[in-house]
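Coordinate analysis (summary)
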Amino acid sequence: MSILVNKDTKVIVQGFTGKEGTFHSEQCIEYGTQIVGGVTPGKGGQTHLDRPVFNTVKEAVDATGATVSMIFVPPAFTADAVMEAADAGIELAVIITEGAPVKDMMYAKMYATKKGMKTIGPNCPGIITAEECKIGIMPGFIFKKGNVGLISKSGTLTYEASNQVVKEGLGITTAVGIGGDPIIGLSYKQLLPLFEADPETEAIVMIGEIGGTLEIEAAEFIKENITKPVVAFIAGQTAPKGKRMGHAGAIISGGQGTAQEKMEALAAAGVHVVKSPADIGKTVAKALGK
Amino acid sequence: MNIHEYQAKEIFRAYGVPVPRGGVAFTGPEARRVAEELGGNLWVVKAQIHAGGRGKAGGVKLARSLDEVEKLAEEMIGMTLVTHQTGPEGKKVEKVYIEEGADIQKEYYLGMVLDRSTEMPVMMASTEGGMEIEEVAAKTPEKIIKVAIDPTIGFQGFHGRKLAFGLGLSKEEIRPFIKFAEALYKVYMDKDANMIEINPLIKTGSGEFLALDAKMGFDDNALYKHPDIAEMRDLSEEDPVEIEAAKYGLSYVNLEGNVGCMVNGAGLAMATMDIIKHEGGEPANFLDVGGGANPDTVAKGFELILQDENVKSIFVNIFGGIVRCDRIANGILQATQQVEVNVPVIVRLDGTNAEEAAEILKNANIKNIIPATDLADGAKKAVAAAKGEL
């Protein structure tokens, strides 16, 4: 089992024929993901990576039965692409693009929600169900199959965490990179219950960072609803106030969104909070009694 | 991106958000001319820097004659202003804003930001004008009235009434206030702002609302839509090393410590700073060389880190994914030929082809380069090296 995506998930790629879209689609296909086609306006009817190219998402969905879209279009067109996917009946959009304007994404997410489409990202590595389906830009081989669910705002830190978990002789069910922008799609609070309900997932790792309140909301949710052990690391304990740390959303503003307050809230909710990022794997193993 | 008060007020004027009349000046005589044109017998001379707390630091002063305007402007231009928002090094004043004196009857606070939990812009008002809003939020949160505005319906009368009644405004004051707030909402949305702060918003003797101060910040990702705003960028307000880093697609933030960090990915870069602290050291910087590090970005990274004379060791922490570690190892070797690296460099490469990478570094046999096996090992070695104990 897994959450959201598996070996049967049919995926199309928006921005299929671009440089990034092409490279990462190839990698996903190699991993075993069912990429069934792609969308590039004006290139409909062509074939790319042995798969059909469509002018619109609607045509792609009608022809292939895809339910998930992986989005690689440039930042200025990202919101449009997301809304097109929602309009065409896509169930989950995985938005990889970095640098989309916040206001655009605000409208796009509102429309997606109205249409019942889930979103992941933007500015994220994507989602991977180990050894079944990779929809994103992460190096697949790091995610060995196992029983740990992973939710993270950061890309490379997700790889680090998964690597540590695997070194403990454990593995991953599904890992979701939710992104570090001010407005993102699925977050801890929506993903935690999916892992709670997934019979294969026995423990959950959540990686957060400074800025915003998502981790605090997650802590409240965990307290009431999650019975599986949760291990958390919050990046940016040493970050100065008022400085943006790489991610658009990683900023302590007005004294709000510090690592300290998030760690305290999570610890109070019974989460195993690690101070050192090197202790994630060990702590998961310990929580599972291994 | 942030802009100056005088620039924010230009934008306000264009949108019908009332502000006092004023003009910018770069010299004393220029300041005098601006004051003369404004007329009257009371002016305010305001230092233009990207930081709050100017008043207390001596960056906002009243002048009662043209001579005084000129004298104050001359004193302010060139001085370094230290406020609670500038850090101890302060900020150099390069221009002043001369504004007509206002008849202040009452001071309020009015601001807008993106509320990340409702994912909507939120307008905040308070009767505690002139005070730091963070302080008000901490001590008397009930004095802040917040209204989230769903952008699909836009600013409605009820939003304005909620704020106006919350502030305890009288019947006559409500209409001009709502007009003010509605115009402000339009500025925020039209310009892809991510922050507007008016502190204080004043009510004059004649019942007008005026933005006495104005701060604006913008979404960097949206600047391509607004060339007029992008043009307002004042590079002298930013850290030159951060500007240099951005040119190469790197993200750098200078910190106080002595262990330099070079990492791929923002989250891992923050985590690397944290583990250095955890191991008893102090990070010298945040540096994200991007998900796919290459020889050029690594070389540039070394250059940026070494501009900071405090740096005693460098921790290179790269998790290779799609980009293979052996390529990065070669990049590091190449970089050390391009840039003279005179401090110990602790290198931790993990992920794709990590073993080949370790072999490459070992065979290169450069005395400054010390391999590390994992995150904790690398951090320990980097901290020890900075203390001269390795």
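Coordinates for the structure precede this section.
An account of the accompanying structure is given in this report. (Residues numbered from 1 in each chain as written. Chains lettered and ligands numbered in written order. Predicted model: local features only at pLDDT ≥ 70, side-chain atom pairs only at ≥ 80, totals over all residues.)

The secondary structure content of chain B amounts to 13 helices and 19 strands. Dimensions of chain B, computed from C-alpha atoms along their principal axes, come out at roughly 80 × 50 × 40 Å. The proportion of buried residues among the 390 residues of chain B is 47%. Counted over contacts in chain B with a minimum sequence separation of 6, partners at least 24 positions apart contribute 69%. (Helix = DSSP H or I, 4+ residues; strand = E, 2+ residues; numbered from the N terminus. Buried ≥ 20, exposed ≤ 12 C-beta atoms within 10 Å, placed from the backbone. Contact = placed C-beta atoms within 7 Å.)

What follows deals with the environment of F155(B). All names here are of chain B. Inspection of the secondary structure puts F155 in the loop between β10 (144–148) and α5 (157–166). By C-beta crowding, F155 is classed as buried, having 22 other C-beta atoms within 10 Å. Through-space distance from the C-alpha of F155 to that of N317 is 48 Å; in sequence the pair is 162 residues apart.

Now for the interface of chain A and chain B. A common measure of how large an interface is: the accessible area buried when the components associate. Contacts between the two partners involve 49 residues from chain A, matched on the other side by 43 residues from chain B. Within the residue set of the side of chain A that touches chain B, elements represented by two or more residues are α4 (102–114), α5 (156–167) and β12 (203–209) of chain A. Ranked by the residues each element gives to the side of chain A that touches chain B, the list is headed by α4(A), at 6 residues.

Our next topic: the sheet that holds strand β2 (residues 34–39) of chain A. Residues and elements named next belong to chain A. Taken together, the 7 strands give an open sheet; going across it, the order is β3-β4-β2-β1-β5-β6-β7, and neighbouring strands pair in mixed fashion. In the strand order of this sheet, the two ends are held by β3 (47–48) and β7 (118–120), each with one partner. In the sheet, strand β1 (residues 10–14) pairs with β2 via 5 bridges, with the strands oriented parallel. Following the sheet pairing, Q14 is matched in β2 by V39. Sheet strands touched by helix α1 (residues 19–31): β1 and β2. Its angle to β2, the strand with the most contacts, is close to 160 degrees. (Pairing = 2+ DSSP bridges. Axes fitted to C-alpha atoms, helices over the stretch in contact; angles between N-to-C directions.)

Once that is clear, we can look at the pairing of strand β11 (residues 193–204) of chain B. All names here are of chain B. When you tally the buried positions in β11, you get 10 out of 12 residues, the bulk of the element. Pairing of strand β8 (residues 104–115) with β11 involves 8 bridges; the strand directions are antiparallel. From the neighbouring strand, I104 faces β11, where its bridge partner is T204. Pairing between β11 and strand β12 (residues 209–211): 3 bridges, direction antiparallel. Bridge pairing in β12 places L201 opposite A211. From the end of β11 to the start of β12, which pair antiparallel, there are 4 residues, and G207 there has a positive phi angle of about 85 degrees.

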